[in-house]
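The residues making up each chain are set out below.
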Amino acid sequence: MTVADERLARTGVARRLLIRPELGAVVGALVVFAFFASQSATFRSIEGVANWLDPASTLGIMAVAIALLMIGGEFDLSAGVLTGTTGLIVVVLATRYGFAVWTAMLVALAVALLVGFLNGLIVVRTSLPSFIVTLGTFLMLQGANLGVTKALTGTVQVGGLRKAEGYEGARALLAGTVPAGGADFRVAILWWLGVTALATWVLMRTRAGNWIFAVGGDDRAARAVGVPAERTKIALFMTTAAAAWLVGSILALRFTSVQANSGIGQEFVYIIAAVIGGCLLTGGYGSAIGAAIGAVIFGMADKGIVFAGWDADWFTFFLGAMLLLATLANRLVRRYAEEAKR
């Protein structure tokens, strides 16, 4: 008897696991944890876990958003610098113009969503590669961040957020800590878990998730069957921008100051984390959970190298090695998945 829908076909547990996009990230995370845990007792302690989950949280929020965009077949090279832009807007408005922190954050969110909307609109209306469009946005934001900050302060840094109205409440909600097991864990970890859960639900349980996979897999075919491809892609760029606002706000509240060059270069780390998590550069395949695990790997490596007493410069070597290994693993898994459907 032929099964009409391949989703109803029975497959073994092993096969279902092998075709999961986040499988490589899970294996990689276990290997990285075991390696650094054997090198440092601090790394495997509860304080160590709190330490390496800290950078993983903010990176993970962005990696999950970038993963959704990559599954939809697009890239956003302006995501990193946009975290700095939103942080600068919050601090400048709150310290130079007397805005309450929450009001400044709302203005920053509006600006971020506008940037995301324009990125998406230009991509879908001109058919230019999103790589080129968002690279242009990256350069414009980089120049604006530096130019405006120097014009207002005479330096490349804006600070003093701690004295602004509403700072303590905003900091407690977005950049505070929660004690657990004798260690202080950043609240950002909870936001990261929430973003990952929401993104996973959207991808796996909603019509919008089907649209994301469809436009990333074959844009023309998706349009032919009635998928609102343009709206889907614009929404994905705006989602990435909203994530950049959240991360920019968290970092601004945590450090109470923002450098004009903040976030530059991080866009590549977000993409690498998403690729390690199972996203294909060609779109149509990936996982929000995988991207979150990719961020965990980076968090462990970032702090593990320090705990092990190594030169921190080895971290960039690790990034490159993980990118190559993940790309090769994803290619093999994707090939196996396509053969399993035949």
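Everything below is about the structure shown above.
Everything in this summary refers to the structure shown in the same document. Counting from 1, residues in each chain are numbered in the order their sequence is written. With the structure being a predicted model, the display of local features is reserved for residues of pLDDT at least 70 and the display and counting of side-chain atom pairs for 80 or more, all residues being used for whole-chain, interface and lining totals. Working from all heavy atoms in the structure, the side-chain values ignore hydrogens and water.

## Quick look at the overall build of the protein chain
Along the protein chain, the regular secondary structure elements total 14 helices and 4 strands. In terms of overall size, the protein chain behaves like a compact globule, its C-alpha atoms giving a radius of gyration of 21 Å where 342 residues would be expected to give roughly 20 Å. Here the C-alpha coordinates of the protein chain stretch approximately 70 × 55 × 30 Å along the principal axes. Only protein chains enter the accessibility calculation, which uses a 1.4 Å probe; a residue is then buried when its area is under 20% of its type maximum, exposed when over 50%, and partly exposed in between. Across the 342 residues in the protein chain, those meeting the buried criterion constitute 47%. We call two residues in contact when some of their heavy atoms are within 4.5 Å. Long-range pairs, those at least 24 residues apart, make up 76% of the contacts in the protein chain between residues at least 6 apart in sequence. Throughout, the Shrake-Rupley method with a 1.4 Å probe supplies accessible areas, and for residues the shown protein chains are the sole cover considered. For the protein chain, the accessible area works out to roughly 16500 Å², and carbon and sulfur atoms hold 64% of it. In this count, Lys and Arg are taken as positive residues and Asp and Glu as negative ones, while His and the chain termini are left out. In plain terms, the charge of a residue is placed at NZ if it is Lys, CZ if Arg, CG if Asp and CD if Glu. Charge separation in the protein chain, taken as the distance between the mean sites of 26 positive and 19 negative side-chain charges, equals 5 Å. Starting at the N terminus, helices and strands are each numbered in turn, a helix being any DSSP run of H or I of at least four residues and a strand any DSSP run of E of at least two. We compute the radius of gyration from the C-alpha atoms alone; for a globule the expected value is 2.2 Å times N to the 0.38, where N is the number of residues.

## A closer look at the nonpolar core
One recurring pattern in soluble globular proteins: nonpolar side chains tend to sit buried together. Take the buried Ala, Val, Leu, Ile, Met, Phe, Trp, Tyr and Cys residues and link them wherever side-chain atoms come within 4.5 Å; each set so joined is a nonpolar core. Ranked by size, the top nonpolar core spans 96 residues in total, and within it Val-101, Met-105, Leu-161, Trp-192, Leu-253, Ile-276 and Phe-298 carry the most contacts. For this core, the leading source of residues is helix H3 (residues 46-71), giving 17 residues. In this structure, Met-105 is in contact with Val-90, Ala-170, Leu-174, Trp-245, Ser-249 and Leu-253, ignoring residues within four places of it in sequence.

## Observations concerning helix H4 (residues 79-96)
What a helix is expected to span follows from its residue count: subtract one and scale by 1.5 Å. Over its 18 residues, H4 runs 25 Å from end to end, which matches the ideal 26 Å to within 8%, given 1.5 Å per residue. Across the 18 residues that make up H4, a large majority, 16, are buried. Phi for Gly-98, located one or two positions after H4, is positive at around 75°.

## Quick look at the layout of surface pockets
In this structure, the second largest pocket encloses a volume near 560 Å³. As defined here, a cavity is a set of points on a 1 Å grid over the protein atoms alone where a 1.4 Å probe fits but cannot get out. A pocket is an open set with protein on both sides within 12 Å along at least five of seven lines, and residues line them when an atom is within 4 Å of a point. In terms of lining residues, the second largest pocket is bounded by 22 residues, among which Pro-55, Thr-58, Leu-59, Gln-266 and Asp-302 are the most central. Broken down by secondary-structure element, the contributors of at least two residues to the lining of the second largest pocket are H3, helix H11 (229-255), helix H12 (266-276), helix H13 (288-307) and helix H14 (314-341). Here the lining of the second largest pocket gets 6 residues from one element, more than from any other, and that element is H3. Amino acid classes used here: Ala, Val, Leu, Ile, Met, Phe, Trp, Tyr, Cys and Pro are nonpolar; Asp, Glu, Lys and Arg are charged; the rest, including Gly, are polar. Here the lining of the second largest pocket is built from residues that sort into 12 nonpolar, 6 polar and 4 charged. Grid points are joined across faces, edges and corners, and a volume is the space filled by probe spheres set on the points.

## Section: the environment of Phe-237
For Phe-237, the location among the structural elements is in helix H11. Phe-237 sits 65 residues away from Asp-302 along the chain, and the two C-alpha atoms are 28 Å apart.

## Brief notes about the packing of aromatic side chains
Each aromatic ring pair is characterised by the separation of its centres together with the angle its planes make. In this scheme Phe, Tyr and Trp rings, the latter by its six-membered ring, pair at centre separations within 6.5 Å, and the angle between planes marks the pair as stacked below 30 degrees, edge-to-face above 60, and tilted otherwise. A complete count under the given rule lists 8 aromatic pairs for this structure. Here the aromatic rings of Phe-33 and Trp-52 are separated by 6.2 Å at their centres, their planes lie at 65°, and the arrangement is edge-to-face. You can see Phe-33 sitting in helix H2 (residues 23-39) and its partner Trp-52 sitting in helix H3, a full 19 residues away along the chain. Between Trp-314 and Phe-317 the ring centres are 5.4 Å apart and the planes differ by 85°, which places this aromatic pair in the edge-to-face class. Here Trp-314 pairs with Phe-317, and both are found in helix H14, just 3 residues apart, close to one helical turn. Residue class for Phe-317 comes out exposed when judged on its relative accessible area of 54%. By the ring-pair criterion, three or more aromatic residues cluster together here, those being Phe-33, Phe-35, Phe-36, Phe-43, Trp-52 and Trp-310.

## Let's talk about the pattern of salt bridges
Two side chains with opposite charge may pair up if their charged atoms get near one another. The salt bridge definition used is simple: a Lys or Arg side-chain nitrogen within 4 Å of an Asp or Glu carboxyl oxygen. Under the definition given, this model contains 5 salt bridges. Here Glu-230 and Arg-125 are joined by a salt bridge, their closest N and O atoms 3.6 Å apart. Of the two residues, Glu-230 sits in helix H11 while Arg-125 sits in helix H5 (residues 101-126), which places them 105 residues apart along the sequence. The exposure class assigned to Glu-230 is partly exposed, which follows from its relative accessible area of 30%. Looking at Arg-125, the relative accessible area reads 60%, which means it is exposed. Taking the shortest distance from any N to any O, the salt bridge between Lys-233 and Asp-219 comes out at 3.7 Å. One end of the pair, Lys-233, is in helix H11; the other, Asp-219, is in helix H10 (residues 219-224), and 14 residues separate them in sequence. Of the residues examined, Lys-233 reaches a relative accessible area of 8% and is grouped as buried. Several salt bridges share partner residues, and in doing so they unite Glu-74, Asp-219, Arg-223 and Lys-233 into one network.

## Focus on the pairing of strand S2 (residues 177-180)
Strands are treated as partners if at least two bridges between them are detected by DSSP. Looking at chain direction, S2 and strand S3 (residues 183-186) are connected through 4 bridges and run antiparallel. Pairing of Pro-179 across the sheet is with Asp-184, part of S3. In sequence, S2 turns back onto S3 through a hairpin of 2 residues, with Gly-181 there showing a positive phi of about 65°.

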